[in-house]
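Architecture and fold: a report
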Amino acid sequence: MPPTLASLVQHSALKLTVRAGEEHLDRPVRWAHASELADPVPYMEGGELLLITALKLEAENPEAMRRYVKRLAGAGVAGIGFGVGLHYEEIPKALVDAAESEGLPLLEVPRPTPFLAISKAVSAAIAADQYRAVTAGFAAQRELTKRALSEGPEGLLAALASQVDGWAALYDATGAVVATAPEWAGRRAALLTAEVERLWERPLPASSVVGGSSEEGEDEDRVELHSLGTGKRPLGVLAVGTAAALGTAERYAVHSAIALLTLTTERSRSLYAAEQRIGAAVLRMLLAGQPDHARAAAGDLYGELLDAPYRVILAEAGAVPGTRGRGVGGGLVSASPSASGADVGVAEAEGDPVVGFAEVVEAAAARSGEAVLVVPDGERLVVLAADGGAVVASCAQYAEALLAERGSAEQGGDDDELVVGLSAPAGPIAAAAAYKQAEQALSVARRRGRVLVEHEELAAGSVVPLLADDAVRAFADGLLRALHEHDATGRGDLVASLRAWLSRHGQWDAAAADLGVHRHTLRYRMRRVEEILGRSLDDPDTRMELWLALKTSASGS
């Protein structure tokens, strides 16, 4: 800690005597400054020991001394050192009384003690304190490094909390709390999520100081938030909570923790690019029906992911030029390594919805310890994740959150909104089929304005909603237009008759009963339909197209 008035009084070489304010000798001294100005306050910063001989002061005037001392106390001066034996043989009573009244320590400096000796003593004490702080900081750095290497981020946080006599928490790129020390700090860290999100909006490196409290509103503390990472987007946030502002040694410890956590959470660009190239190659092998080669290329990189049932997940922005209708053979299977490298997609786009989705996927995998394969493919993101695992669950949760923000599942998304397609569970030999399923689900999600569609949903319910787009409605309207125009003249209800006949699978009696007409009348109407359309109702394709047209028109009306 810095020198105090008490430590200066106890300094045997200075021989200082306390004349007033003895109860406040614990005040820290930032510097010792000699000034004979009648008003030295404009030149003070607070915390100084002011050394005077009262050369230009009315030191025996009680009113003048009250004003002088009151102004010094208001400026945060730590105390007054009065040199006797020059202009006054002893400190004037007016000054002693004023200092006592304001509670401002007043020290008597004997004639043999030069002011320079006091300044040197203060300077030496400050230097010694700084040296102790630096030494303690280096010791903390060594301890933090040791714990980070042996125990990971959790051990580092525990060591940091001990060093600052407080608590520490680590947030991932999604704002979720991934580790705290001590364990009870998780409740407090969760209350700062909004502040963490605000920190992301600032360019790196960023930091802020906020207030935190327990759930009961007690034990308010001072919390520092520091972003982690060196790129455009933070990879995490470190929170440090203490009862008071950090000292020099504690500051060294926090900065060391920031550097170590950044190294821990941010992989080098070359390593990231290498993993991306390996991932792209592994995915191409799987899609080409070569699971054994994929396992050999991946080694232990993806754990048991390539052997267990997995899902293929495709994500892209709502309207992505050049990607719609792209099959397996035209995508990753035939791509070169550079086409799916680390410099494409995720690492580049700022504010891209696919970037946010990739962060959610990787954060979920990191929290659960689950292996995941994430490969950017142009504007599209391809993910292989274990069936029933945390990554697949996080995709569903993220989709629900986005859908809630959009306000309604019935409203189509904007061009830059996220759409996700999820395949059914598949094994290593069925990767290409799973990719195709994910593409089909992605197409349906885009058509329906949904955030996420699972392929298993496509086989449930009716096929009609899948046809509910403008092109299909235009086909239906065109196919049935002549029949509607005929009915509009009042010459017969051909559209209703056609619907009834098709719904009864061409059974004349049943369809005629539904319409309340004679079966010969219905036969006549069906002949008129054939004449108007120029198509035979005996053709199963004609029947199918007419039925889908009728269903599409009904669903769109």
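Preceding this section is the structure that the text describes.
Figured I'd write up the structure that's included with this text. All figures in this text were calculated on a predicted structure; none of them were measured in a lab.

What counts, and at which threshold
- Here, residues in each chain are numbered from 1, in the same order as that chain's written sequence.
- For this predicted model, a pLDDT threshold of at least 70 governs which residues receive local features, and a threshold of 80 or more governs which side-chain atom pairs are given and counted, while totals over whole chains, interfaces and linings are taken from all residues.
- No hydrogens and no water enter the side-chain calculation; it runs on all heavy atoms of the structure.
- At least two DSSP bridges between two strands are needed for those strands to be called paired.
- Only DSSP runs of H or I reaching four residues or more are called helices, and only runs of E reaching two or more are called strands; each is numbered from the N terminus.
- Axis lines are fitted to C-alpha atoms, over the contacting stretch for helices. Their N-to-C directions set the angle, which ranges from 0 to 180 degrees.
- We call two residues in contact whenever any of their non-hydrogen atoms come within 4.5 Å of each other.
- Side-chain rings of Phe, Tyr and Trp, where Trp is taken by its six-membered ring, are said to pair if the distance between their centres is within 6.5 Å; with planes under 30 degrees apart they count as stacked, over 60 as edge-to-face, and otherwise as tilted.
- Put simply, a nonpolar core is a bunch of buried Ala, Val, Leu, Ile, Met, Phe, Trp, Tyr and Cys residues held in one set by side-chain atoms that sit within 4.5 Å of each other.
- Think of it in three bands: with a 1.4 Å probe and only protein chains considered, a residue is buried below 20% of the maximum accessible area for its type, exposed above 50%, and partly exposed in between.

**Overview of the sheet that holds strand β11 (residues 310–317)**
The strands making up a sheet associate through hydrogen bonds between their backbones, and the pairing can be parallel or antiparallel. Strand order in the open sheet formed by five strands is β12-β13-β11-β14-β15, and the pairing between neighbours is mixed. Among the strands making up the open sheet, the edge pair consists of β12 (372–377) and β15 (452–454). Mean inter-strand twist for the sheet, computed between neighbouring axes without regard to direction, equals 15°. Summarising the sheet, β11 and strand β14 (residues 418–422) pair through five bridges and their orientation is antiparallel. Its bridge partner being in β14, A317 is matched across the sheet by L418. Against the sheet, helix α10 (residues 353–368) makes contact with β11, β12, β13 (380–386) and β14, and its axis sits at roughly 150° relative to β11, the strand it touches most. On the sheet, helix α12 (residues 431–448) packs against β11, β12, β13, β14 and β15 and is oriented at approximately 40° with respect to β11.

**Observations regarding the packing of aromatic side chains**
By the definition in use, this model includes four aromatic pairs. Taken together, a centroid distance of 6.2 Å and an interplanar angle of 40° make the contact between F357 and Y398 tilted. Pair noted here: F357 is in helix α10 and Y398 is in helix α11 (residues 390–406), with a separation of 41 residues, a long-range link.

**Here's the deal with the nonpolar core**
V282, L286, V312, L373 and L384 are the most contacted members of the largest nonpolar core, which totals 28 residues. Of all the secondary structure elements, the ones that give two or more residues to this core are α8 (269–287), α9 (291–298), β11, β12, β13 and α12. Counting residues per element, this core draws most heavily on α12, at eight residues. In contact with L373, other than residues within four places in its own chain, are G279, V282, L283, Y302, L305, V382, V383 and L384. A20, Y68, V69 and L106 belong to the second-largest nonpolar core, a separate cluster that totals 25 residues.

**Description of the sheet that holds strand β2 (residues 31–34)**
Strand order in the open sheet formed by five strands is β1-β5-β4-β3-β2, with mixed pairing between adjacent strands. Two strands in the sheet have a free side with no partner beyond their single neighbour: β1 (17–20) and β2. Across the sheet, the axes of successive neighbouring strands diverge by a mean angle of 30°, strand direction being ignored. In this structure, strand β4 (residues 79–83) lies alongside strand β5 (residues 106–109), joined through four bridges in parallel fashion. Residue pairing for β5: I80 is matched across the bridge by L106. Set on the sheet, helix α3 (residues 93–102) makes contact with β1, β3 (48–52), β4 and β5; between it and β1 the angle comes to about 75°. Here helix α4 (residues 115–164) sits on the sheet in contact with β2, β3, β4 and β5, set at roughly 160° to β2.

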